[in-house]
Amino acid sequence: MLEHLLRTTTPSPSPSSTSVGDEIGDALTKAPEQRSGWVDWLVGAPLRILVILAVGIVLLVVLRRLIASFTERIAREPRTDIGGALLHVTNAFEAERRTGRARTLGSVLRSTLSIVVGSIVVMMILNELGVNLAPLLASAGVAGVALGFGAQSLVKDFLSGIFMLAEDQYGVGDTVNFGDVTGTVEEVALRVTKVRDFDGTLWYLRNGEILRTGNLSQGWVRAMADFRVPYDVDTDLVRSLLTQAAEETSADADINPLLLAPPEVFVVELTDDHLLYRIQARTNLADRPAVVRALRTRGLKALTNGGIRLVTANRLVVQPPPAP
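Residues numbered from 1 in each chain as written. Predicted model: local features only at pLDDT ≥ 70, side-chain atom pairs only at ≥ 80, totals over all residues. Heavy atoms only, no water.

**Considerations on the packing of aromatic side chains**
Now for step 1: Counted under the stated rule, the structure contains one aromatic pair.
Now for step 2: Ring geometry for tyrosine 170 and phenylalanine 178: centres 5.3 Å apart, planes at 90°, overall edge-to-face.
Now for step 3: Its relative accessible area of 4% is what places tyrosine 170 among the buried residues.
Now for step 4: Classification of phenylalanine 178 as buried rests on a relative accessible area of 11%. (Phe/Tyr/Trp six-rings, centres within 6.5 Å; stacked < 30°, edge-to-face > 60°. Buried < 20%, exposed > 50% of the residue type's maximum accessible area, 1.4 Å probe, protein only.)

**As for the sheet that holds strand β5 (residues 214-215)**
Now for step 1: Ordered by their spatial adjacency, five strands build an open sheet running β4-β3-β2-β1-β5, and the pairing between neighbours is antiparallel. Each edge of the open sheet carries a strand with a single partner, namely β4 (202-206) and β5.
Now for step 2: Bridging between strand β1 (residues 175-177) and β5 involves two bridges; their strand directions are antiparallel. Opposite valine 176, over in β5, you have asparagine 215 as the bridge partner. (Pairing = 2+ DSSP bridges. Helix = DSSP H or I, 4+ residues; strand = E, 2+ residues; numbered from the N terminus.)

**Here we look at the nonpolar core**
Now for step 1: Counting 24 residues, the largest nonpolar core has Val238, Leu242, Ile279, Leu303 and Ile308 as its most contacted members.
Now for step 2: Contributing elements (two or more residues each) for this core: β6 (221-230), α7 (235-251), β8 (274-283) and α8 (288-305).
Now for step 3: Here this core gets six residues from one element, more than from any other, and that element is α8.
Now for step 4: Look past the residues within four positions of isoleucine 279 in its chain and what remains in contact with it is Ala223, Met224, Ala225, Phe227, Leu242, Ala246, Pro263, Glu264, Val265 and Leu295.
Now for step 5: Ranked by size, the runner-up nonpolar core spans 11 residues in total, among them Leu165, Tyr170, Val181 and Val185. (Core = buried A, V, L, I, M, F, W, Y, C linked by side-chain atoms within 4.5 Å. Contact = heavy atoms within 4.5 Å.)

So yeah, pure geometry; function would need other evidence.
If you want it as structure tokens, here you go:
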């Protein structure tokens, strides 16, 4: 009887309570695994991306500072003994042009470095995000080949511009002879050079098409004054008079600061009926007109006072008619 009562009063476990407990247990056992998966992902890809960004930024900053330091050192002082010797004779304009050229090169190098480092960082981040880079790199390679064939002249212009800036072939304000065009350089870029000729025309010259450059503004130029004297005049007398005129020009308080070397007298040409005497002196391009005027004026005055007549460039030769 007692056993029967115990059997009837003791509750038996229900199927529903057993399933709920199993689900709770499964959830408790699976939660740590899910949490560990999210933690691994957060510690993995995002952390690696942050590291890539940090390394890229640090590398970019360090390299840009190295480029800036290198270009500033070039701007301050020449790197060769020849450059050091020339530094003593260059004026403030040339020093400023050298500084501008070095800083322009630094700007180009820094821009190129930013593009290269930025591209590498972006590709590494895409790789960490699971993006397949093989099709992208293949497409970029095909596009690069196509652009290389289609833009050969553009690449040539840019490379020529970089070498032109590095070698200081010319700068803004220089008077340059490019063969077909001669004028003053108004703007220098990596692709084109703008030149204003003496008629006022502004020429756009592609750097890749410039095959020769004659810079009249670098260093010094010669100021020359020519005098045509007949053969029957004493050569020593003419040289003495022109030498005296050259010395007087060099002693002029207004002209002497413009001269880089004392004037000299030469016989440069022998023709059928006269000798060509020349007084020449070294000066800067901007000062050449004033020096030429002074040399011509004093030379002509000296020859005129000495009673020496000159042969004009335009002569009319009259021949007698042939004998019948």
